[in-house]
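Residues per chain are reported as follows:
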Amino acid sequence: MMLELPERILARHVRRTAFASRVVWLPMVLIAGLLVYAAVLGWLSFREQTALRVRYQQEARHDWLSNPDKHPHRMAHFGNFAFRPKPPLSLFEFGMESYLGNLVFLEAHKQNSVNFSEAGFSTGLLRFGEISLAMVLQLLLPLLIFFLGYGVVAAERDSGTLRLLLSQGISPRQLLVGKMRGLVGVVMRLYVPVVLLTVVGWLVLQNGRVSADETARLLLLMLAYAGYLVICCGVAVLVSARSSSARTALVTLMGIWLMLTIVLPRAAQAVGAYVYEIPSKAQFFARIQDDVLKEGDSHNPADPHYAKLKDSLLTAYNVDSVQQLPVNYSGVVMAEGEKISAHIYTNHFDQLQQVYARQNRLSELVAFVDPFLAIRQLSMALAGTDYATYADFQQQAEHYRYEMAQYLNALQIKYIPNKKAGPTDKPHAISRANWEAMPDFTYQPVPVGVTLTQSWRSLVALVVWLVGLVVAFRWVARTFTVA
């Protein structure tokens, strides 16, 4: 008859002890209830927000196409809207979704900021945070793990059974591995239902039509969280093994939890904002306006830059006045002005993105000593609810705005005569059929490979923690003492 491995017996003992204690059931039931609540909240939020954005995007398209025959430049100022779609995995990880804008007004000459965030329309309750499945797994489940794990070794030491266990031939390594397996087994009984719940909700919300990219994101997300929870279990077992008593282990683990989930993330954020300061919204747009005016005003006929443009056109077409030009002069001026202003806006937005990137990089470096920061950043990135995805939406919306403005300028150059319409003449206009040739805005999600490239520090930080855990286990097993 084959004898059962000591690690397996110890693991089973941990699981039985955990589920036999009434004290443990209360926090477990509480966290299970929060997970169900978070799942329902994520489901409802995704359905409501997606329906709203799709509806308003359709209405914006309808309004665009309903415009009558008119001057192309009037159409450029009528503008259009780009709506940021809600990523499917936002039902699991809210990330920065509620704090970032959802739509941007696209018009000629300027880049508007993305507005209408959910936080902007919510009550003050949002300041207390949102309960998502990811938040419970990142913040509360580690607390439960520490509560379950503080006594796995230390309690044996307090009761005197630790010496008895070791006297039966169980090595410190087998002891630690068995306790670790038992604790991980308990935690997986909460985590696996969350995975199943997320997968089912994710599939249903997309009517079963999921891309390979989205599937890869989901798998990586679930693996990352499994690794994070294993790290938390390992920390609990190691602290329990090195503590002189169960009480000391509990106090130490509570201190670690506060440090990792509250102190370090807040400190990293504050230091990042202090070292890499960003301008206010008013200062940012005032600087852009100053630079635009330095380059020239396309609406001012006497502007030196555009006076040169006019002279070059007259020379190129060998005519004496703009009325003799075979192309619409105002359209050429608008196209030139759009090119200049878009370049200035893009430069300023790029500089702003670089400041945000430096702030985020600081948090990513701190993640090497704080697995909570590592999983939080990786989770938001894979779910598509991080700032990088938002910035990508801004860039795609700006590209669409520029194409729209230049398309309308090209129509003006080609079809609008230089001679102004008289008081009794019909205003210059082109057919409304031209509006349909401009396609609606469609956001293209960031490929998962690009996301991993952008978030490699957080991914590596988690791997470093897992490797460090193995090294720490070996060291603790080698130096383990009963007293």
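The model shown is predicted, which means the values in this text are computed figures rather than measured ones.

1. Concerning the packing of aromatic side chains
Taken as a whole and assessed by the stated rule, the structure comprises 13 aromatic pairs. Seen from their ring centres, F19 and W25 are 5.8 Å apart, and the 50° between their planes marks the pair as tilted. Residue F19 is classed as partly exposed on the basis of its relative accessible area, which comes to 24%. Judged by centre distance (5.2 Å) and plane angle (45°), the rings of F81 and F105 are tilted. Of the two residues, F81 is situated in strand β1 (residues 80-83) and F105 in strand β2 (residues 103-107); the sequence distance between them amounts to 24 residues. Owing to a relative accessible area of 32%, F81 belongs among the partly exposed residues under this scheme. A residue is classified by how much of its surface remains accessible, and F105, at 25% relative accessible area, is partly exposed. Through successive ring pairs, a cluster of aromatic residues spans F393, Y400, F441 and Y443. Directly above the ring of Y56 sits R55, whose terminal nitrogen or CZ lies 4.7 Å from the centroid.

2. Remarks on helix α5 (residues 133-149)
For α5, the principal kink sits at L140 and spans about 35°; a proline, P142, occurs within the next four residues. Burial within α5 is extensive, with 12 of its 17 residues counted as buried. Those residues of α5 that are buried are in contact with α1 (6-20), α2 (22-65), α8 (172-205), α9 (212-242), α10 (246-275) and α14 (371-383).

3. A short note on the UniProt feature "transmembrane region" (unreviewed entry) in the protein chain
Under the UniProt annotation, "transmembrane region" (unreviewed entry) lies at residues 24-46, 131-153, 182-205, 217-239, 245-264 and 459-477. The span residues 24-46 carries 100% helix and 0% strand; its end-to-end C-alpha distance comes to 33 Å.

4. A closer look at the pattern of salt bridges
The full count for this structure, using the stated rule, is 11 salt bridges. The closest approach of N and O atoms between R53 and E97, which form a salt bridge, is 4.0 Å. Of the two residues, R53 sits in helix α2 while E97 sits in the loop between β1 and β2, which places them 44 residues apart along the sequence. Note on accessibility: R53 and E97 belong to one class, buried.

Scoring rules and cut-offs
- Each chain has its residues counted from 1, running along the sequence as written.
- With pLDDT at 70 or above as the cut-off, local features in this predicted model cover only qualifying residues; side-chain atom pairs require 80 or more to be listed or tallied, and sums for whole chains, interfaces and linings still use all residues.
- Values reported for side chains reflect all heavy atoms of the structure, with hydrogen atoms and water molecules removed beforehand.
- Ring pairs are drawn from Phe, Tyr and Trp, using the six-membered ring of Trp, whenever the two centres fall within 6.5 Å, and their geometry is named by plane angle: stacked under 30 degrees, edge-to-face over 60, tilted for the rest.
- Burial classes follow relative accessibility: with a 1.4 Å probe on protein chains only, a residue under 20% of its type's maximum area counts as buried, one over 50% as exposed, and anything between as partly exposed.
- In DSSP terms, a helix is any run of H or I states spanning at least four residues, a strand is any run of E spanning at least two, and both are numbered starting from the N terminus.
- Lysine and arginine charges are scored as sitting over a ring when NZ or CZ, respectively, is within 6 Å of the ring centre and within 35 degrees of the ring normal.
- Throughout, the bend at a residue refers to the angle made by two axes, fitted to the seven residues ending there and to the seven starting there.
- Contact criterion: two residues are considered in contact whenever any of their non-hydrogen atoms come within 4.5 Å of each other.
- UniProt positions are given in the numbering used here, feature names are shortened, and annotations may be inferred rather than shown by experiment.
- One side-chain nitrogen of Lys or Arg within 4 Å of one carboxyl oxygen of Asp or Glu is enough to make a salt bridge.

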